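Close look at the chain arrangement
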Amino acid sequence: MDVTALLDPLNDAQREAVGGPPGHTLVVAGAGSGKTRVLVHRIAWLIQAEGVSPFGILAVTFTNKAAGEMRERIEALVGLPATGMWVGTFHGLAHRLLRQHHAEADLPKNFQILDSADQQRLVKRVLQEQGLDESSWPVRQVQGFINARKDDGQRPADIDHRGDPYHRTLLELYRAYEEACRRAGVVDFAELLLRAWELWRDNPGILDHYRRRFRHILVDEFQDTNAIQYAWLRLLAGDSGTVFAVGDDDQSIYGWRGARVENIRRYSQEFPDVVTVRLEQNYRSTGHILGASNQLIARNPERLGKELWTETGHGEPVRIYDAFNENEEARFIGRRIQQWVEGGGRRDECAILYRSNALSRVLEEVLVHSGIPYRIHGGPRFFERAEIKDLLAYLRLVASRDDDPSFERVVNTPSRGIGERTVDNLRQIARERGLTLWATAWEAAGNGQLGARATKAIQRFLTTIEELEQAIDGLSLAEQVETARQHSGLADHYLQKEKGERGQARVDNLDELVSAARAFELDPGDVDTEDLLGAFLTHASLEAGEAQAAAGEDCVHLMTLHGAKGLEFPLVFIAGMEEGLFPHRMALEDGNRLEEERRLCYVGMTRAMSELYLTRAESRRLHGREGHTRPSRFLTELPEEHVESVRPGRAPSAPAAAPAPDTEVGEGVTLGQRVHHPTFGEGVIIDCEGDGPRARLHVNFDDAGLKWLVASHANLTPAG
DNA sequence: TAAACGGATTTTTTT
DNA sequence: AATCCGTTTA
């Protein structure tokens, strides 16, 4: 086998990383430097040049998408299916371990997974059981506390509340929540990781088995690992395994959910003889874009240090556009995209990025208005939709009767006369006797302690589930889901409850779930085919699915800056470059968070291949309030030599509301006219908004530059 | 049980 | 402005 072919297409740094000795390696990979390529080639190198068996390789990523891509590319490169290799997300791999060793992990065989919405409901339940007031103990905060502790590897017993009553209560809640999970046989996301780590910690035999097997561990996006993930890797590597870590400290944007950038540094200190390779040649962006990005991120202290460079030319400077308000900002972006398309570009080469989702609305309006197809990334995901989760809850109950959250979810959905009172009674009995809701319901239905009416209703529910289990036995997965769909009566329920399109959309989604099951059946991937339903339920929990099916149409992409990580587009806009919005006001107080905002800006900028626009609105209406804004500090941090302020000049297609030239726009001046202002001097009126005395004029002053002025206060006189 | 009202909230999100 | 959540009301 000619392994040099693996190295040939690489640059020197990439080659060093891929073909280096099979020891600990840290690859500091800048944006657009070919990091995935290095990871994939490294694996191929291990197999083909070092003679490592795929069975000995474990590669871990953060998203299913990344894992899928990696597997695909490895197989394409190696030329055969990489059987035996473990490639997956931290959560996916942890789940796999826990399934395999459920007894040692003290979990039921069919344990179900809670997503964060499920977890939130359960935390709320626990709060109510403890008789705590939700306004003093906000569910989200309690949930956040529990997750943060788990992300740090701490169980209630590991935490010292030091007599602080607030802390003590949180601890009690953590305990009670754990107990509720245990009873119901459910596990949340953070628990998957913590439990998998504990499994190894407490079972040396099992750990040893995996240590012997996985001598080669590769980690993508290392800067996003949290404490427990790091600990998990460390445990697995032991003294014999090698870790190949790829990451970029400058792209660490998930600190707020427990990611620890410092794991990169820690890794190179704690593991012996780590070879560090820097990938600094960028294959994505032009010189100007890179220059501006480099200098922005250089403002952050405490970096590992790295400066991207490119062989490509300077290209176009980064352009900054100051709009009068958010409408005008959106119109500018729309216009620019239209030009791009008229110039032969495709719409899907364009992306509009923003700090928070609230900004997408105006942009959408303008795009709709201009007839530009677009697609918003983010938003509710398929498997997270209420109707989908309802139907899955029926199936979960079939798979595991103890699953209390699922029981609660559908016991009265569709309504079958089991009210809050009845469920409350069940809950109370269950708690007193330490039983699950299902067991309690079963018993209560037998001894009639709930009253005739409720008993009957409960019996109906119990029968529904039991019959469903009978009915799906021996069926194919898709048929099972279809059967559950019918038995549940959810379709009629939603049609009746939500008239018109909304209800129908829900029903369509239920049908879609059947299709998803069919697709899963045909290609279940690397899972246990003995229990397809169980695997499908796991899939639904661990892989939330894209929000919208990828439309075939050529669409402009709209997404948050976080959502853009890992992507690239020829033409990129970052909208809302304003203090308080970006950097977000929640991050202004804290230096660390501010640095993270700056990294976020860096991530956004480095998405752009050939053109980058940073736009802002001088006045913005947000959450119903209109306010004046200040330009983002990030704008002022950009070096002049790479940046150009855009003068709209004669707009190629006039803004929607703008009158034709020569129309009087107020106070005896017209669009296009040369005017004089007492302070700013002479300039040309290039645009206007509104009419009458409140009209606002956009004037391009010779010296003072672009200004928006209110016509009635501007004191403009015709210049001549 | 569901509609209707009122109040608070409003960063980012994967698993 | 819009949405979500809890409470009140019919």
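Note that the structure is predicted; figures quoted are calculated from it, not measured.

Criteria and cut-off values
Residues numbered from 1 in each chain as written. Chains lettered and ligands numbered in written order. Predicted model: local features only at pLDDT ≥ 70, side-chain atom pairs only at ≥ 80, totals over all residues. Heavy atoms only, no water. Helix = DSSP H or I, 4+ residues; strand = E, 2+ residues; numbered from the N terminus. Buried < 20%, exposed > 50% of the residue type's maximum accessible area, 1.4 Å probe, protein only. Lys, Arg positive; Asp, Glu negative; His and termini not counted. Salt bridge = Lys/Arg side-chain N within 4 Å of Asp/Glu carboxyl O. Contact = heavy atoms within 4.5 Å. Phe/Tyr/Trp six-rings, centres within 6.5 Å; stacked < 30°, edge-to-face > 60°. UniProt positions renumbered as here; feature names shortened; annotations may be inferred. Pairing = 2+ DSSP bridges. Axes fitted to C-alpha atoms, helices over the stretch in contact; angles between N-to-C directions. Core = buried A, V, L, I, M, F, W, Y, C linked by side-chain atoms within 4.5 Å. Domains from an automatic or database assignment. Near = heavy atom within 4 Å. Polar contact = N/O pair within 3.5 Å; in protein donor to acceptor, adjacent residues only side chain to side chain. Nonpolar A, V, L, I, M, F, W, Y, C, P; charged D, E, K, R; others polar. 1 Å grid on protein atoms, 1.4 Å probe; cavity = no way out; pocket = protein on both sides within 12 Å on 5 of 7 lines; lining within 4 Å. Points joined across faces, edges and corners; volume = space filled by probe spheres on them. pLDDT = per-residue confidence, 0-100.

Let's shift gears to the side chain of Arg-183. Looking at where Arg-183 falls in the secondary structure, it is placed in helix H8 (residues 165-184). It turns out Arg-183 is buried and unbridged, and the closest side chain with the opposite charge, Glu-179, is 4.1 Å from it. Apart from the residues lying within four places of it in its own chain, the contact partners of Arg-183 are Asp-402, Gly-434, Leu-435 and Thr-436.

This paragraph deals with the packing of aromatic side chains. Counting across every chain of the model gives 23 aromatic pairs. Aromatic pair Trp-86 and Phe-214: ring centres 5.2 Å apart, planes at 50 degrees, arrangement tilted. Here the residue Trp-86 occupies a position in strand S3 (residues 86-89), and Phe-214 occupies one in the loop between helix H10 (204-213) and strand S6 (216-219), the gap between them amounting to 128 residues. Residue class for Phe-214 comes out buried when judged on its relative accessible area of 0%.

On to the UniProt feature "domain: UvrD-like helicase ATP-binding" (unreviewed entry) in chain A. Taking the numbering used here, the UniProt-annotated feature "domain: UvrD-like helicase ATP-binding" (unreviewed entry) corresponds to residues 8-286. Its end C-alpha atoms 24 Å apart, residues 8-286 is made of 50% helix and 13% strand.

Bringing the sheet that holds S6 into the picture now. Strands belonging to one sheet form pairs held by backbone hydrogen bonds; the direction of such a pair is parallel or antiparallel. Pairing within the open sheet is parallel, and its six strands lie in the order S3-S2-S6-S7-S1-S8. Sheet topology places S3 and strand S8 (275-279) at the edges, where each strand pairs with a single neighbour. Taking each pair of neighbouring strands and ignoring which way they run, the sheet shows an average axis angle of 15 degrees. Strand direction decides the pairing type here: S6 and strand S7 (residues 242-247), joined by four bridges, are parallel.

For the rest of this paragraph, the subject is the pattern of salt bridges. In this structure the tally under the stated criterion is 51 salt bridges. A salt bridge links Lys-565 to Asp-224; its shortest N-O distance comes to 2.6 Å. Of this pair, Lys-565 sits in the loop between strand S12 (556-560) and strand S13 (569-574) while Asp-224 is found in the loop between S6 and helix H11 (227-237), placing the two residues 341 residues apart along the sequence. The class of Lys-565 is buried, set by a relative accessible area of 15%. Taking relative accessible area as the criterion, Asp-224 reaches 9% and is therefore assigned buried. With a shortest N-O distance of 3.1 Å, Arg-234 and Glu-270 are connected by a salt bridge.

One finds Trp-200, Trp-232 and Tyr-267 to be the most contacted residues of the largest nonpolar core, which totals 64 residues. Here the element with the most residues in this core is H8; it accounts for nine residues. Residues from two domains meet in this core; each of domain 1 (3-101 + 194-281) and domain 2 (114-184) gives at least three. Those residues in contact with Trp-232 that sit more than four places away from it in its chain are Phe-90, Leu-93, Leu-97, Ala-196, Trp-197 and Trp-200. Among the nonpolar cores identified, the runner-up in size contains 49 residues, and Leu-426, Ala-441, Ala-484 and Phe-520 belong to it.

With that settled, consider the protein's contact with DNA strand C. In the vicinity of DNA strand C, the contacting residues are Lys-124, Glu-134, Arg-361, Arg-621, His-623 and Gly-624. Among atoms of DNA strand C positioned within 4 Å of the protein, sugar and phosphate together represent 50%. Take Lys-124: an N or O atom from its side chain is 2.3 Å from a phosphate oxygen of DNA strand C. For the surface near DNA strand C, the class distribution of residues is no nonpolar, two polar and four charged.

Take empty space enclosed by the protein next. Summed over the entire model, instances satisfying the criterion amount to five cavities of 30 Å³ or more. In this structure, the largest cavity is lined by 13 residues; those nearest its centre are Arg-125, Glu-129, Arg-183, Asp-404 and Glu-408. Of all the secondary structure elements, the ones that give two or more residues to the lining of the largest cavity are helix H6 (116-129), H8, helix H17 (404-410) and helix H18 (420-433). Classifying every residue of the lining of the largest cavity by side-chain character gives six nonpolar, no polar and seven charged.

Quick look at the confidence of the model for chain A now. Parts of the prediction with low pLDDT should not have their coordinates interpreted in detail. Taken residue by residue, chain A gives an average pLDDT of 89. The fraction at 70 or more is 92%. Here strand S20 (residues 705-710) is the element of chain A with the lowest mean pLDDT, 66, and S13 is the one with the highest, 98.

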